[in-house]
Amino acid sequence: MVVSAHFPASINGGQRPVNGGFSGQRLRFEMRIPYLALSVIIVTQESKADLYPTNRESFGLFCSVLFCYVLLWSVCSVLFCLGPQIFGGQQFEATWVVDGYRVASASLLTRLINQVWRRHTVMGDITHQPMDQLQDLEYCIDSNPPWIETILLAFQNYILVLGTSAMIPSLLVPVMGGSDGDKARVIQTLLFVAAIKTLLQTLFGTRLPAIVGGSFAYIVPIAYIISDSSLQKIDDPHVRFIHTMRAIQGAIIVASTIQIVLGYSQVWGLFSRFFSPLGMAPVVGLVGLGLFQRGFPHLGNCVEIGLPMLLLVIGLSQYLKHVKPLKECPIFERFPVLICVSIIWLYSSILTASGAYRNSPHKTQISCRTDRANLISTAPWIMMPYPLQWGHPTFSAGHSFAMMSAVLVSMVESTAAYKAASRLAIATPPPAYVLSRGIGWQGIGVLLDGLFGTVTGSTVSVENVGLLGLTRVGSRRVVQISAGFMILFSLFGKFGAVFASIPLPIFAALYCVLFGLVGSVGLSFLQFTNMNSMRNLIITGLSLFLGISIPQFFNEYWGHGHPGLVHTHAGWFNAFLNTIFMSPPTVALIVAVFLDNTLEVEKSKKDRGMPWWVKFRTYRGDNRNEEFYTLPFNLNRFFPPT
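Residues numbered from 1 in each chain as written. Predicted model: local features only at pLDDT ≥ 70, side-chain atom pairs only at ≥ 80, totals over all residues. Heavy atoms only, no water.

> Can you walk me through the overall build of the protein chain in this structure?
On a plain count of helices and strands, the protein chain comes out with 29 helices and four strands. Within the protein chain, contacts between residues at least 6 apart in sequence are counted, and of these 84% link residues at least 24 apart. Total accessible area on the protein chain stands at roughly 28300 Å², and carbon and sulfur atoms take up 66% of it. (Helix = DSSP H or I, 4+ residues; strand = E, 2+ residues; numbered from the N terminus. Contact = heavy atoms within 4.5 Å. Areas by Shrake-Rupley, 256 points an atom, 1.4 Å probe, with all protein chains shown as cover.)

Structure (structure tokens):
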């Protein structure tokens, strides 16, 4: 910031004194004397401030110069008032005194403001070096909180994963012809299988503290299967539900082989060699920001519950995070989900019991009431999910091809989520070998989804990744114990149904915070790139914009009786393309990776962040990789990194 001042030569139109009047040149010279004196003071203070560059010196400079300015202003005012008496009978032209004074004061103030601004700019211009690992977390991937905190944090993760686990079956099962009892069984099965997948991933996959749960990417191909004419001909709703579930199981089982092959063959790891910090920043960013439709739009369905929840989460986790009513544990920072959900859930129960929604529209009652899910009354007390519990799967080539698109999308979304989880767990970015290993095990998880019949496939739970940053706890043990809670409450259905009946706007308020946090983690990868490069600005901006704009365009043509933007006679082809282009991270990956690897690649290696990224592309490229990603039970002897 540079301040400049321009004043007219005289407030009297530039007229000169006449008939031997007092010399304006002399007065202007004399009025420059205070300016010169103050300049000497400023230069002296500048040299001192350069030796001791602190805010105290800047404040001292400001005060000393301001004091001298006021003092000399007083002297000049006396000169202005007593001029005629001092110079006797000579004609005195006050205009020139004012002119000289204004020139001097304007120059002085300009220099004063510029100097103080520059001083404070230098003080505030602290260079933040790019950091491989975040430092603002309490527990990393290998460190563990005390056991009581660990158990409470694990239960908090379980509560959070309930949102997606209840939302997907509630959306699909009624359309398939299932009853409330069928919906409760599907939710229990989904939680049970999610626990197994999470344990496999944290033990043998990427080993990152990431929960693997249900995926919304499978909604479009599943809707295509549900609308199959051969299934719609079945009149009995329960029979149609069973046959539709078997068709979905068969499609998921076949499609899982794609992910298993791409993972264990290291093909996905080879493809990741085309990734760079510049290319992954919009992808990881949109894995969080791209889920905006699950945030405030759902919250707005019941503002009187969702908005207090949002404000309470922000208030406790951010403004009261340093309050420690219990010894050394900052409970408001560690357990914001448990505290806020308990308070707002009780508040919504009071509203429901008092009849606040008795005459409300049906949509409002579904969103706000705590007794509309019908899960508690229909869930079995004890149920043990097992493979093929719905019967033998049925297979169709068209269904399987459509489902493969969801598998590809979930791979992209999970890759981005793994990148974010590694950063929030204070770990290095997973190398290509570890990433492929995780994708392979996730394919095993999709196979389990098909065998058990969870009505959807697998992906990393983005909201639970965001919870790592909100609580500042990236411990792997916390996530593994949360898998134990999933198994426990999926077996004892009545108890799990109590928590699954939490109104959706409460989860939507949490999503607003957690999805935004994951999105900002993705944007933090830009610190390793040169964002003063126009090439990088174009790639980043175009990837982010198209990653939001294209899926939004496709979403407008899907749902409410519309088959989607791509509408040919081949239903599997329609579902395939609609699924790909309705995923923000997938569209961002296509745009960013293509542009980043075709535009001035050789000249832009440093600008893309490749010097920082290259050491994390191989398992042995960084010594810390062995600490974070080594297999347990000394299994690396039998499965050495490639």
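> Would you take a moment to explain the side chain of arginine 294 for this structure?
If you trace the backbone, arginine 294 turns up in the loop between helix 11 (277–289) and helix 12 (296–299). Within the structure, arginine 294 has its side chain in polar contact with the side chain of threonine 164 (distance 3.0 Å). (Polar contact = N/O pair within 3.5 Å; in protein donor to acceptor, adjacent residues only side chain to side chain.)

> Would you mind going over the nonpolar core with me for this structure?
One recurring pattern in soluble globular proteins: nonpolar side chains tend to sit buried together. Ranked by size, the top nonpolar core spans 139 residues in total, and within it Tyr158, Ile159 and Met309 carry the most contacts. Looking at this core, the element that brings in the most residues is helix 5 (residues 147–176), giving 14 residues. Setting aside its immediate chain neighbours within four residues, methionine 309 contacts Cys340, Val341, Ile344, Ile506, Ala509 and Leu510. (Core = buried A, V, L, I, M, F, W, Y, C linked by side-chain atoms within 4.5 Å. Buried < 20%, exposed > 50% of the residue type's maximum accessible area, 1.4 Å probe, protein only.)

> Just to check I follow, could you spell out the packing of helix 7 (residues 219–226) against helix 9 (residues 237–264) for this structure?
The description of two helices packed together rests on the angle between their axes and the distance between the axes. Where helix 7 meets helix 9, the closest approach of the two axes is 10 Å, and the angle between their N-to-C directions is 135°. Between helix 7 and helix 9, the angle falls in the class oblique. For the crossing formed where helix 7 meets helix 9, the hand is right-handed. Here helix 7 contributes Ile222, Ile225 and Ile226 to the contact with helix 9, which in turn contributes Thr244, Ala247, Ile248 and Ala251. Considering only residue class, the contact of helix 7 with helix 9 consists of six nonpolar, one polar and no charged. (Axes fitted to C-alpha atoms, helices over the stretch in contact; angles between N-to-C directions. Parallel < 35°, antiparallel > 145°, perpendicular 65-115°, else oblique. Left-handed = near helix turned anticlockwise from the far one by under 90°. Nonpolar A, V, L, I, M, F, W, Y, C, P; charged D, E, K, R; others polar.)

> Help me out: how do you make sense of the state of the cysteines in this one?
As used in these notes, a disulfide is a covalent bond between sulfur atoms, one from each of two cysteines. A full pass over the atoms with the stated rule returns one disulfide. Across the disulfide from cysteine 302 sits cysteine 368; the S-S distance is 2.0 Å. A torsion of 130° about the S-S bond marks the disulfide between cysteine 302 and cysteine 368 as right-handed. Remark: cysteine 368 occurs in helix 16 (residues 362–368) and cysteine 302 occurs in the loop between helix 12 and helix 13 (303–319); sequence separation between them is 66 residues. (Disulfide = S-S within 2.5 Å.)

> Honestly, a nonpolar patch on the surface in this entry has me stumped. Any pointers?
There is a patch of nonpolar side chains on the surface, built from Trp381, Ile382, Leu488, Phe492 and Phe495 and spanning about 560 Å² of accessible area. When you line up the elements, phenylalanine 495 lands in helix 22 (residues 493–500). (Patch = residues over 30% accessible without salt bridge, like charges linked within 9 Å, V, L, I, M, F, W, Y side chains within 5 Å. Salt bridge = Lys/Arg side-chain N within 4 Å of Asp/Glu carboxyl O.)

> What's the story with helix 6 (residues 180–204) in this structure? I'm lost.
Owing to its 3.6 residues per turn, the α-helix aligns residues three or four sequence positions apart on the same side. For helix 6, which comprises 25 residues, the first-to-last C-alpha distance of 36 Å matches the rise-based estimate of 36 Å (1.5 Å per residue) to within 8%. For helix 6, the buried fraction is high: 18 of the 25 residues fall into the buried class. (Expected span 1.5 Å × (residues − 1).)

> Quick question: what am I supposed to make of the pattern of salt bridges here?
A side chain of one charge can pair with a side chain of the opposite charge if their charged atoms are brought near each other. Evaluated as defined, the whole model comprises eleven salt bridges. A salt bridge links lysine 197 to aspartate 449, with the shortest nitrogen-to-oxygen separation between them at 3.1 Å. You can see lysine 197 sitting in helix 6 and its partner aspartate 449 sitting in helix 19 (residues 432–452), a full 252 residues away along the chain. Aspartate 449 matches lysine 197 in its accessibility class, with the two residues each being buried. Three or more residues joined by partner-sharing salt bridges are found here, namely Glu138, Glu149, Glu333, Arg334 and Arg472.

> Could you clarify how one ought to interpret the packing of helix 6 against helix 21 (residues 476–491) in this entry?
It is at 8 Å that the axes of helix 6 and helix 21 come closest, and there the two elements cross at 155°. For the element pair helix 6 / helix 21, the angle class is roughly antiparallel. The handedness of the crossing between helix 6 and helix 21 is left-handed. Contacts between helix 6 and helix 21 involve Gln188, Leu191, Phe192, Ala194, Ala195, Thr198, Leu199, Thr202 and Leu203 from the former and Arg476, Val479, Gln480, Ala483, Met486, Ile487, Ser490 and Leu491 from the latter. Within the contact of helix 6 with helix 21, the residues separate by chemical class into eleven nonpolar, five polar and one charged.

> Can you walk me through the environment of arginine 620 in this structure?
For arginine 620, the position within the fold is in the loop between helix 28 (610–613) and helix 29 (624–629). Each C-alpha atom, one on arginine 620 and one on proline 641, is 8.5 Å from the other, the two residues being 21 residues apart in sequence.

> Even after reading the chapter, I still don't get the packing of aromatic side chains, so can you show me in this structure?
The description of two aromatic rings rests on the distance between their centres and on the angle between their planes. The full count for this structure, using the stated rule, is 28 aromatic pairs. Here phenylalanine 628 and tyrosine 629 contribute two aromatic rings whose centre-to-centre distance is 6.3 Å and whose plane-to-plane angle is 75°, an arrangement assigned as edge-to-face. The pair phenylalanine 628 / tyrosine 629 is uniform in exposure class, with both members buried. Put simply, the rings of Phe155, Tyr158, Trp345, Phe485, Phe489 and Phe499 touch in pairs and so form one group of aromatic residues. Over the ring of tyrosine 511 we find arginine 294; its NZ or CZ atom is 5.2 Å from the centre of that ring. (Phe/Tyr/Trp six-rings, centres within 6.5 Å; stacked < 30°, edge-to-face > 60°. Lys NZ or Arg CZ within 6 Å of the ring centre and 35° of its normal.)

> Would you mind going over the confidence of the model for the protein chain with me for this structure?
A low pLDDT score tells you not to read the predicted coordinates there in detail. Residues of the protein chain with pLDDT of at least 70 account for 80%, and the chain-wide mean is 82. Of the regions scoring below 50 in pLDDT, residues 1–32 engages in 52 contacts with residues more than four places distant in sequence or in other chains. The model gives residues 120–124 a pLDDT under 50, and that stretch makes six contacts with residues more than four places away or in other chains. (pLDDT = per-residue confidence, 0-100.)

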